[in-house]
Amino acid sequence: MTRRAAIIVLDGVGIGAAPDAADYGDAGSDTLGNLSRALGGVSLPNMGAAGLGRIAPLAGVDASGETTGAWGLMVPRSAGKDSTTGHWEIAGVQLDRPFPTYPDGFPSEVVAEFARRTGRPVIGNVVASGTAVIDRFGAEHERTGAWILYTSADSVFQVAAHEGVVPLEELYRACQTAREMLVPPHDVSRVIARPFDGSQSAYVRTKNRRDYSIQPPDETLLDALAAAGIPRAGVGKVDDLFAGRGISARHTASNAEGIAAIAAWLSGPFDGLLFANLVDFDQAFGHRNDVPGFYGALREFDTALPGLEANLREDDLLFITADHGNDPTTSSTDHARENVPLLVLGPTVRPGSVGRRSTFSDLGATVAEWFGIDFRGRGTSFLQLLVTR
């Protein structure tokens, strides 16, 4: 039977401060731990059965009894704490320097060049949350047609536009232009199209976000699988994070849609690797410090997990992990430098610990060995600890 693997990234679902978290201003950040304590305990029985409570103490998650899966903890090695960095590290690529950030907004020459190339003026150029910036500048944008430009503590060049003012395709073209324009030293991790709708005092972001990542600087797991003729499929923003290199993805508007797409792949006649990102934890709840919403998203995934596991073939491995933290209990609304959980399910998985991994890249190396290719990237495979044969 043909081997398959699926990697599901629970975006922003970290499990405790990384050793260097203080260097990033994230000392004490612990997305899952702090959330479980803030709620007086959480109920995640299926992830708990897979071994979640064995990774770190979580209020309400049982850490006794037998487990159905393998578990471990992965420590970030790359510089940075954004989605691109985290996904690249999983795929075997590590960065020695973080992507540039702009706490005072982008330089005037960068803004002017973006306006010149796209044919529209620019307003904003501030550090702000996406909801706050459209509340602040939305009416002016509707009057003038100017792009709303903003950033955050992460390395992002975000462009907001009302769908009734700027056609989506024009917004997407403008973001592609920005991506091509932003070269070192302004090589931001991602350019993000942020369309919105509604009217003044009632603006809402739509589900038509699109990310434009910088190209990975080295060979990734996806490149190696492509060279070996092994199929790759994505769910969510994964293809955007790799600049479309080595993977195409079905974009989804919510975790519910993403889970359905994952289930369809697992139950369908597909082979190779599925690389999926479920973004609601981060985008809808972590950045908004919405503890109940974050927990609701965890419950939604936990409830769906048995159905996903039931669709695994004999030679399937299902990896569940994250790309960074986004602790909704802290004062910060940005990503956090955290370790991430690792759960692995499948008929051949040996229940037990795969240990504390020194880099996310160990996951990509393990997937590569599972498929019988030589690629290891910057990681070390733990396949021999994981499977019974």
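Summary of the structure given here. (Residues numbered from 1 in each chain as written. Predicted model: local features only at pLDDT ≥ 70, side-chain atom pairs only at ≥ 80, totals over all residues. Heavy atoms only, no water.)

### Description of the pairing of strand β3 (residues 122-127)
In plain terms, the rule: For two strands to pair, DSSP has to find at least two bridges joining them. Each helix is a run of DSSP H or I of at least 4 residues and each strand a run of E of at least 2, with the numbering of both proceeding from the N terminus. Convention used here: a crossover is right-handed provided that the path from the first strand, over the helix, to the second strand proceeds clockwise when the strands point away from the viewer.
Direction of pairing for β3 relative to strand β4 (residues 147-151): parallel, over a ladder of five bridges. The residue of β4 that forms the bridge with Ile123 is Ile148. For the crossover from β3 across helix α6 (residues 130-144) to β4, the handedness is right-handed.

### Notes on the sheet that holds strand β10 (residues 249-250)
Going by this rule: Residues are treated as being in contact if the distance between any of their heavy atoms lies within 4.5 Å. Every axis in this analysis is a line fitted to C-alpha atoms, fitted for helices over the stretch in contact. Angles between the N-to-C directions lie between 0 and 180 degrees.
Read from one edge of the open sheet, eight strands run β10-β9-β11-β1-β12-β13-β2-β14, paired in mixed fashion. Strand pairing shows two members of the sheet lacking a second neighbour, β10 and β14 (352-357), which therefore form its edges. Of the strand pairs in this sheet, strand β12 (residues 316-321) and strand β13 (residues 340-345) are connected by three bridges, and their pairing is antiparallel. Residue Ile320 lies in a different strand from β13, and its bridge partner there is Leu343. Contacts between helix α10 (residues 255-267) and the sheet are confined to β1 (4-10), β9 (232-235), β10 and β11 (272-278), with β11 contributing the most and set at about 170° to the helix.

### Digging into the side chain of Ser29
Mapped onto the fold, Ser29 is located in the loop between β1 and α1 (31-38). Once you skip the residues sitting within four places of it in the chain, Ser29 turns out to touch Gly16, Ala17, Asn34, Asp327, Ala336 and Glu338.

### Describing the layout of surface pockets
Inclusion rule: We place a 1 Å grid over just the protein atoms. Points where a 1.4 Å probe fits but has no way out form a cavity, open points with protein on both sides within 12 Å along at least 5 of 7 lines form a pocket, and any residue with an atom within 4 Å of a point lines it. Grid points are joined across faces, edges and corners, and a volume is the space filled by probe spheres set on the points.
Roughly 480 Å³ of internal volume is contained in the largest pocket. Surrounding the largest pocket, 25 residues form its lining, Lys207, Arg209, Thr252, Val279 and Gln283 being those nearest its centre. Secondary-structure elements contributing two or more residues to the lining of the largest pocket are β6 (190-197), β8 (210-213), β11 and α11 (280-286). If one sorts the elements of the lining of the largest pocket by residue count, α11 sits on top with three residues.

### Focus on the environment of Ser155
So the rule is basically this: Throughout, exposure labels follow a simple rule: accessible area from a 1.4 Å probe, protein chains only, divided by the maximum for the residue type, with under 20% read as buried, over 50% as exposed, and the rest as partly exposed. N or O atoms closer than or at 3.5 Å make up a polar contact, with two conditions inside protein: a donor-capable atom paired with an acceptor-capable one, and, for residues adjacent in sequence, both atoms drawn from side chains.
Within the secondary structure, Ser155 sits in the loop between β4 and β5 (156-162). Exposure remark for Ser155: the relative accessible area of 4% places this residue in the buried category. Those residues in contact with Ser155 that sit more than four places away from it in its chain are Phe99, Pro100, Thr101, Val188, Ser189 and Arg190. A polar contact is formed between the side chain of Ser155 and the backbone nitrogen of Ser189, at a distance of 2.9 Å.

### Side note on the nonpolar core
In a soluble, globular protein the nonpolar side chains are often hidden away together inside. The criterion, for reference: Buried residues of nine kinds, namely Ala, Val, Leu, Ile, Met, Phe, Trp, Tyr and Cys, make up a nonpolar core once their side-chain atoms join them within 4.5 Å.
Ranked by internal contacts, the top residues of the largest apolar core, which has 86 residues, are Phe301, Phe319 and Leu386. Per-element tally for this core: the top contributor is helix α12 (residues 291-310), with eight residues. Ignoring sequence-local partners within four residues, the contact set of Phe319 consists of Ala5, Ala6, Ile7, Ile8, Leu342, Leu343, Val344, Leu363, Thr366, Val367, Phe382 and Leu386. Grouped together as the second largest cluster of nonpolar side chains are 22 residues, Phe106, Val110, Trp147 and Tyr172 included.

### Re the pattern of salt bridges
The cut-off we apply is this: A pairing counts as a salt bridge when a side-chain nitrogen of Lys or Arg comes within 4 Å of a carboxyl oxygen of Asp or Glu.
Tallying each qualifying case throughout the model produces 14 salt bridges. Its salt-bridge partner being Lys237, residue Asp11 comes within 3.1 Å of it at the nearest N-O pair. Of this pair, Asp11 sits in the loop between β1 and α1 while Lys237 sits in the loop between β9 and α9 (238-241), and the two are 226 residues apart along the sequence. On the basis of relative accessibility, which here comes to 0%, the residue Asp11 falls in the buried class. Residue Lys237 is classed as buried on the basis of its relative accessible area of 8%. Of the charged contacts, one joins Lys81 and Asp26 as a salt bridge, the two residues approaching to 2.8 Å between their closest N and O atoms. Of the two residues, Lys81 sits in the loop between β2 (70-74) and α4 (83-90) while Asp26 sits in the loop between β1 and α1, which places them 55 residues apart along the sequence. The exposure class assigned to Lys81 is buried, which follows from its relative accessible area of 16%. The buried category is assigned to Asp26, whose relative accessible area is 7%. Linked through salt bridges whose partners overlap, the residues forming this network are Glu113, Arg116 and Arg117.

Any functional reading would require information beyond the geometric quantities listed.
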